[in-house]
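Fold and contact review
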Amino acid sequence: MNIVSEKIKSCYNSLPSSEKMVADYVLEKKGDLFQYPIKELARLSGTTQASWTRFAQAIGYNGLKDLKNAYYAEINTSLMQAEKGGPRISFKDVNEYTSIQSIADNICATSVQAIQTTYRLFDAGTFNEVVTRLVAARQIQIFGVGTAGIAAYDLYCKLRRIHYNVVFDQDQHMNMMTVSQAQENDVILFFSDNANNKEIMQLFRIAKETAATLIAITKLGNNPLTTGCDLVLFATSPEIDKKSGITSSRFAQLFLVDTIYTAVANRDYDNIKEYLKYSYEVFNETNKE
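In this report, we go over the structure that sits alongside the text. Note that the structure is a prediction, hence the values are computed from the model and not measured.

**Some points on the overall build of the protein**
Helix and strand counts for the protein come out as 13 helices and five strands. Out of the 289 residues in the protein, the part that is buried amounts to 43%. For the protein, contacts bridging at least 24 residues in sequence account for 69% of all contacts bridging at least 6.

**Section: the nonpolar core**
Counting residues in each nonpolar core, the largest one holds 36 residues, and the members touching the most others are I140, I142, L159, L189 and F191. Only α7 (124-136), β1 (140-144), α8 (147-161), β3 (187-192), β4 (213-218), β5 (231-234), α12 (249-267) and α13 (269-288) provide two or more residues apiece to this core. The element contributing the most residues to this core is α12, with eight residues. Counting residues in hydrophobic clusters, the runner-up holds 23 residues, among them L41, A58, L64 and Y71.

**Description of the pairing of β1**
Most of β1 sits inside the fold, with five of its five residues counted as buried. With burial as the criterion, each face of β1 is covered, one bearing I140, I142 and G144 and the other bearing Q141 and F143. Looking at chain direction, β1 and strand β2 (residues 166-167) are connected through two bridges and run parallel. Bridge pairing links Q141 to V167 in β2. Where β1 meets β3, five bridges bridge the pair, whose relative direction is parallel. Its bridge partner lying in β3, I140 is registered against V187.

**Brief notes about the packing of aromatic side chains**
Considering all chains together, one arrives at eight aromatic pairs under this definition. Taken together, a centroid distance of 6.0 Å and an interplanar angle of 75° make the contact between F190 and F204 edge-to-face. With a gap of 14 residues between them, F190 in strand β3 and F204 in helix α10 (residues 198-207) connect regions that are remote in the sequence. According to the relative accessible area criterion, F204 is buried, its value standing at 6%. These aromatic residues form a ring-pair network of at least three members: F143, F190 and F204.

**Notes on helix α4 (residues 49-58)**
What α4 keeps buried is the set S51, W52, F55, A56 and A58. For α4, the arc enclosing every buried residue in end-on projection is 160°, short of the 170-degree limit, so these residues lie on one face. A positive backbone phi angle near 105° is found at G60, which sits one or two residues after α4.

**Things to note about the packing of helix α3 (residues 38-45) against α4**
The geometry of a pair of packed helices is captured by two quantities: the angle between their axes and the separation between those axes. At a closest axis distance of 8 Å, the pairing of α3 and α4 adopts a crossing angle of 100°. Taken as axis vectors, α3 and α4 run roughly perpendicular relative to one another. Of α4, the residues touching α3 (which contributes I38, K39, L41, A42 and S45) are Q49, W52 and T53. Counted by class, the contact of α3 with α4 contains four nonpolar, three polar and one charged residues.

**Details of a nonpolar patch on the surface**
On the surface, I100, I103 and I107 cluster together into a nonpolar patch covering about 280 Å² of accessible area. Inspection of the secondary structure puts I103 in helix α6 (residues 100-120).

**Examining the pattern of salt bridges**
Applying the stated criterion to the full structure yields six salt bridges. One salt bridge in this structure joins R133 and E129, with 2.6 Å as the shortest N-O distance. Of the two residues, R133 and E129 both sit in helix α7, four residues apart, roughly one turn of that helix. In this structure R133 comes out as partly exposed when scored by relative accessible area, which is 30%. Overall, E129 belongs to the partly exposed group, its relative accessible area being 28%. Here K158 and D154 are joined by a salt bridge, their closest N and O atoms 2.9 Å apart. One end of the pair is K158 and the other is D154, both in helix α8 and four residues apart, which spans about a single turn. Given the relative accessible area of 22%, D154 is considered partly exposed. Salt bridges linked by common partners bring D154, K158 and D258 together as one network.

Rules and cut-offs
Residues numbered from 1 in each chain as written. Predicted model: local features only at pLDDT ≥ 70, side-chain atom pairs only at ≥ 80, totals over all residues. Heavy atoms only, no water. Helix = DSSP H or I, 4+ residues; strand = E, 2+ residues; numbered from the N terminus. Buried < 20%, exposed > 50% of the residue type's maximum accessible area, 1.4 Å probe, protein only. Contact = heavy atoms within 4.5 Å. Core = buried A, V, L, I, M, F, W, Y, C linked by side-chain atoms within 4.5 Å. Pairing = 2+ DSSP bridges. Phe/Tyr/Trp six-rings, centres within 6.5 Å; stacked < 30°, edge-to-face > 60°. Arc of directions from axis to C-beta. Axes fitted to C-alpha atoms, helices over the stretch in contact; angles between N-to-C directions. Parallel < 35°, antiparallel > 145°, perpendicular 65-115°, else oblique. Nonpolar A, V, L, I, M, F, W, Y, C, P; charged D, E, K, R; others polar. Patch = residues over 30% accessible without salt bridge, like charges linked within 9 Å, V, L, I, M, F, W, Y side chains within 5 Å. Areas by Shrake-Rupley, 256 points an atom, 1.4 Å probe, with all protein chains shown as cover. Salt bridge = Lys/Arg side-chain N within 4 Å of Asp/Glu carboxyl O.

As structure tokens, then:
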């Protein structure tokens, strides 16, 4: 898995021009990281040493040394997988496939990678705090648009099953009304493939005026959503630059949804176990009819 490359691609559009130059250089010539000091890298890329440092920090590392260590570990992992005959992922767009089998192979590979990459970005401390806030919430408001709305709705259904006070709506006017009424003990979750999504950012700006806890489930990057929310869970996927549309990002988000739901149910089991039992019995009886 090219976790460092995925981080770079996820953050790319939010980087300043000088840091984009660094990103382009790293993606094209990452081997140079191990051959040259930062001064020479700055010269070769036509940037500055400060740009390299800011770039490393923007994609989640303490500095260039930390970035190099991550790349080194990634290369070793890739070599081990290759020796074991691990899957090789070929990134294609919809018009580049030559057979049904190649489509199935690549969809499977990219979906698996989306989950694995998101797992590697998993921060147990942040996740634990998310679960704590959800369990204690007076009301949970969930917002998502487009593909991200699928994951948002899935979490809504799961939390409804265990009798949580949760709200989800596809009407933007209703969402604006709902989010404006959020209170101190409420939690607001934003699902977003694109942190610049107009509808989500409109809701986010309203939410910032409330006392609720704000949580984002989105791709890695420095933007108003990731810097403005109290807690952020990152979901990333390998089709960042493809024109065919988002597909595997849905699996990354659903991985987080299932993990959130399971963790919440586990934490609050004594209070929700009867609801699990009742919902199971209702569906089971319905299937018998």
